[in-house]
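Analysis of the macromolecular model
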Amino acid sequence: MKRSISAEWLKLRHSRISLVIAVLPIISLLIGCANYYLNQGALQNGWYSLWTQVSLFYGVFFLPILIAICCSYICRLEHLNRNWNMVMTSPVSVASVFLAKWIVVSILILFAQALFLGLYWLAGTLLSLPGPFPVETIDWTICGWYACMSISALQLRLSLQIRSFATPIGISLCAVFIGLGMYIAKLGILFPFSLLNIGMRVMSQDKLTDMQIFLFWMINLAFIIIFASMSIRRLKSKDIVTS
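In this text, all values refer to a predicted model and were calculated from it rather than measured experimentally. (Residues numbered from 1 in each chain as written. Predicted model: local features only at pLDDT ≥ 70, side-chain atom pairs only at ≥ 80, totals over all residues. Heavy atoms only, no water.)

Turning next to a nonpolar patch on the surface. A cluster of nonpolar residues, V135, I138, I142, M211, I213, F214, L215, W217, M218, L221 and I225, forms a patch on the protein surface that exposes about 980 Å² of accessible area. For the nonpolar patch, the elements supplying multiple residues, two or more each, are α6 (136-161) and α9 (210-237). Considering every element that reaches the nonpolar patch, the biggest residue donor is α9, with eight residues. With respect to the helices and strands, L215 occurs in helix α9. (Patch = residues over 30% accessible without salt bridge, like charges linked within 9 Å, V, L, I, M, F, W, Y side chains within 5 Å. Areas by Shrake-Rupley, 256 points an atom, 1.4 Å probe, with all protein chains shown as cover. Salt bridge = Lys/Arg side-chain N within 4 Å of Asp/Glu carboxyl O. Helix = DSSP H or I, 4+ residues; strand = E, 2+ residues; numbered from the N terminus.)

It is worth spelling out the side chain of T52 at this point. For T52, the position within the fold is in helix α3 (residues 46-76). Excluding anything up to four places from it in sequence, T52 contacts V202 and Q205. (Contact = heavy atoms within 4.5 Å.)

Interhelical geometry of α3 versus helix α7 (residues 166-184) gives an angle of 150 degrees and a closest axis separation of 9 Å. As judged from the angle between their axes, α3 and α7 are roughly antiparallel. For α3 against α7, the interelement crossing comes out right-handed. For the pair α3 and α7, the contacting residues are V60, F61, P64, I65, A68, I69 and S72 in the first and P168, I169, S172, L173, V176, F177 and L180 in the second. Tallied by class, the residues present in the contact of α3 with α7 amount to 12 nonpolar, two polar and no charged. (Axes fitted to C-alpha atoms, helices over the stretch in contact; angles between N-to-C directions. Parallel < 35°, antiparallel > 145°, perpendicular 65-115°, else oblique. Left-handed = near helix turned anticlockwise from the far one by under 90°. Nonpolar A, V, L, I, M, F, W, Y, C, P; charged D, E, K, R; others polar.)

With that settled, consider helix α8 (residues 192-199). Within α8, eight of the eight residues are buried, which leaves the element mostly enclosed by the surrounding structure. Among the residues of α8, those classed as buried are P192, F193, S194, L195, L196, N197, I198 and G199. Here the buried face of α8 lies against α3, α6, α7 and α9. (Buried < 20%, exposed > 50% of the residue type's maximum accessible area, 1.4 Å probe, protein only.)

Taken as a whole, this structure holds 14 aromatic pairs when the rule is applied. Aromatic side chains W51 and F116 sit 5.7 Å apart centroid to centroid with 65 degrees between the ring planes, which places their arrangement in the edge-to-face category. Of the two residues, W51 sits in helix α3 while F116 sits in helix α5 (residues 94-126), which places them 65 residues apart along the sequence. Assessed through its relative accessible area of 0%, F116 is described here as buried. Residues W51 and Y120 carry aromatic rings whose centres are separated by 5.0 Å and whose planes lie at 80 degrees to one another, so their mutual orientation is edge-to-face. (Phe/Tyr/Trp six-rings, centres within 6.5 Å; stacked < 30°, edge-to-face > 60°.)

As a packed pair, α6 and α9 sit with axes 9 Å apart at the nearest point and diverge in direction by 20 degrees. As the angle between them shows, α6 and α9 are arranged roughly parallel. Of the two elements, α6 crosses α9, and the hand of that crossing is left-handed. Contact residues: α6 offers C143, Y146, A147, M149, S150, A153, L154, R157, L160 and Q161, while α9 offers F216, W217, N220, L221, F223, I224, F227, A228, M230, S231, R234 and L235. Split by residue class, the contact of α6 with α9 holds 16 nonpolar, four polar and two charged.

This part is about the environment of F223. Tracing the sequence through the fold places F223 in helix α9. A residue is classified by how much of its surface remains accessible, and F223, at 15% relative accessible area, is buried. A sequence separation of 215 residues divides F223 from E8, and the C-alpha atoms of the two residues are 23 Å apart. Excluding residues that lie within four positions of it along the chain, F223 makes contacts with S150, I189, L190, F191, P192 and L195.

Okay, unusual backbone geometry next. Here the phi dihedral of S128 falls at roughly 55 degrees; this positive angle occurs in a residue that is not glycine. Here S128 is to be found in the loop between α5 and α6. A positive phi angle, close to 65 degrees, is found at K186, a residue other than glycine. Relative to the elements of secondary structure, K186 occurs in the loop between α7 and α8. Classification of K186 by relative accessible area gives exposed; the value is 73%.

Structure follows, in structure tokens:
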């Protein structure tokens, strides 16, 4: 497992994925801050109002797309030049291959989350928002990252199976709108993309009950196990078509 993770990092060393990880949070923050600045008359809740604006663009749209990009990119090399044949014949278990990719994507998204939180603090400071920095946003950021782990498992499942770089990203974009609809319909707990909205408190900063928190953590864990098991089973039982 350790060697598999190191190999994944080596493949990313000279890539531009770090630029994407930095640019998408910055763009979403700029859009959210501009919207907040232009509507300060209606947004009177300081730090929390700013959070609703920046996390709406980031958590609902940009972050799921970022996850899809990372998953497609980390599987891209294997889909080229029949490299899957080399991977599958190496002395490494199939589970290690998948888990190494999933762990690396999760770390990349953690970096994005940390950057987003830091930029949020910087934006609030520059806008001279009243009151102290809301420490709850740290918890919301961590919960959002946890929800991202189940989305990452799903997107890796798609990227392992689909050779196209763009197709899994397009599927993610469709899933974003499905997740938004399920969240509005109060069924968000049943869909990974909606769980991201719940975790980051994108549309509502109301405190979750103990049961809601328990369900959030357990259902995310269930999604991670299900999608990871499906991916590992497919790698073991079916040949992957390479170019």
